[in-house]
Amino acid sequence: MYTALRATSQTLVSYLRQRFIADPNLAPFFDPGAGGTMLVTLNTPEEMQANNTEGLSVWLYRLKRDEERLNAPPERLSAELLRPPPLPLCLHYLLTPITDRTSQTGPETEQVILGKVLETFNDHSLLRGADLKDDFSGTETELYIRLESLSLDETSRVWEALDSSYQLSVSYEVSVVYIDSAMEPERVRPVHVALPEYGLIVGDGS
């Protein structure tokens, strides 16, 4: 499905929000029922600050093809129909806690939020089933989440793209996300009989 990017992002945001609300230390910040006003949002850190929004930015800043799965064969729907293989992607997210920096407890709260993110995805690196949201709901999709260690140069390029000074953040890779082909299935002649062939490997005598 071409909405897979959105579905992946919504799944991450929803899962993290649930974990924050279930945590006694973070519920006062994120649980609206407890008076919390912090959000888990797909906005960039810069956009959150411009809107005076506090919480966690889950920003999709990069995507790339999954080279290991590019040669996947077409899916056989029936004896006569083949569906073109989907485009396999790896998504890269920058997770940045944003709080009121004028508050004395702002930096501490940011570290608690980020610590909870690290704990969550260390314990639950695979999201599936009831974890899935949006168009992934009810599907057999599996999202694998891996903490990335960005080099100083890579980190600098990300924050330069934001046109902002560096802030405490972590990067995660989510895979594999598939964009299905919109092409009609190809009709092929069915295989009626497959005859195995045998051969003898002969050396050159040396």
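Counting starts from 1 at the beginning of each chain's written sequence and moves along it residue by residue. With pLDDT at 70 or above as the cut-off, local features in this predicted model cover only qualifying residues; side-chain atom pairs require 80 or more to be listed or tallied, and sums for whole chains, interfaces and linings still use all residues. By convention in this description, side-chain values take in all heavy atoms of the structure and omit both hydrogens and water.

K.L.:
How should I be thinking about the overall build of the chain in this particular structure?
P.N.:
In this description a helix means any DSSP run of H or I spanning at least four residues, a strand means any run of E spanning at least two, and both kinds are numbered starting from the N terminus. The helix and strand tally for the chain stands at five helices and nine strands. Along its sequence from the N terminus, the chain presents helices and strands in the succession α-α-β-α-β-β-β-β-α-β-β-α-β-β. The buried share among the 206 residues of the chain stands at 36%. Here a residue-residue contact requires only that any non-hydrogen atoms of the pair lie within 4.5 Å. A separation of at least 24 residues holds for 70% of the contacts in the chain among residues at least 6 apart in sequence. Throughout, the Shrake-Rupley method with a 1.4 Å probe supplies accessible areas, and for residues the shown protein chains are the sole cover considered. With an accessible surface of roughly 12900 Å², the chain has 50% of that area assigned to carbon and sulfur atoms. We call a residue buried when its accessible area falls under 20% of the maximum for its residue type, exposed when it is over 50%, and partly exposed in between, using a 1.4 Å probe and counting protein chains only.

K.L.:
Would you explain the side chain of Thr120 in this entry?
P.N.:
For Thr120, the location among the structural elements is in helix H4 (residues 106-123). Here Thr120 falls in the buried class, since its relative accessible area comes to 0%.

K.L.:
Just to check I follow, could you spell out the pattern of salt bridges for this structure?
P.N.:
Side chains that differ in sign of charge can pair as their charged atoms come close. Salt bridges are defined as contacts in which a side-chain nitrogen from Lys or Arg sits within 4 Å of a carboxyl oxygen from Asp or Glu. Summed over all chains, the structure comprises eight salt bridges. Of the charged contacts, one joins Lys116 and Glu119 as a salt bridge, the two residues approaching to 2.7 Å between their closest N and O atoms. Of this pair, Lys116 and Glu119 both sit in helix H4, three residues apart, roughly one helical turn. Note that Arg157 and Asp153 form a salt bridge whose closest N and O atoms lie 2.3 Å from each other.

K.L.:
Help me understand the nonpolar core in this model?
P.N.:
Soluble globular proteins tend to pack their nonpolar side chains together in the buried interior. Core analysis: the biggest nonpolar cluster contains 31 residues, and Leu16, Phe20, Leu56, Leu95 and Phe121 have the highest contact counts within it. At the level of elements, helix H1 (4-22), strand S2 (55-65), strand S5 (87-98), H4, strand S7 (142-148) and strand S8 (170-179) are the ones that each hand at least two residues to this core. Residue contributions to this core peak at seven residues, all from H1. Setting aside residues no more than four positions away along its own chain, Leu16 makes contact with Val40, Leu56, Val58, Leu95, Val117, Thr120 and Phe121. Take the buried Ala, Val, Leu, Ile, Met, Phe, Trp, Tyr and Cys residues and link them wherever side-chain atoms come within 4.5 Å; each set so joined is a nonpolar core. Residues Trp59, Val158, Trp159 and Leu162 belong to the second largest nonpolar core, which totals five residues.

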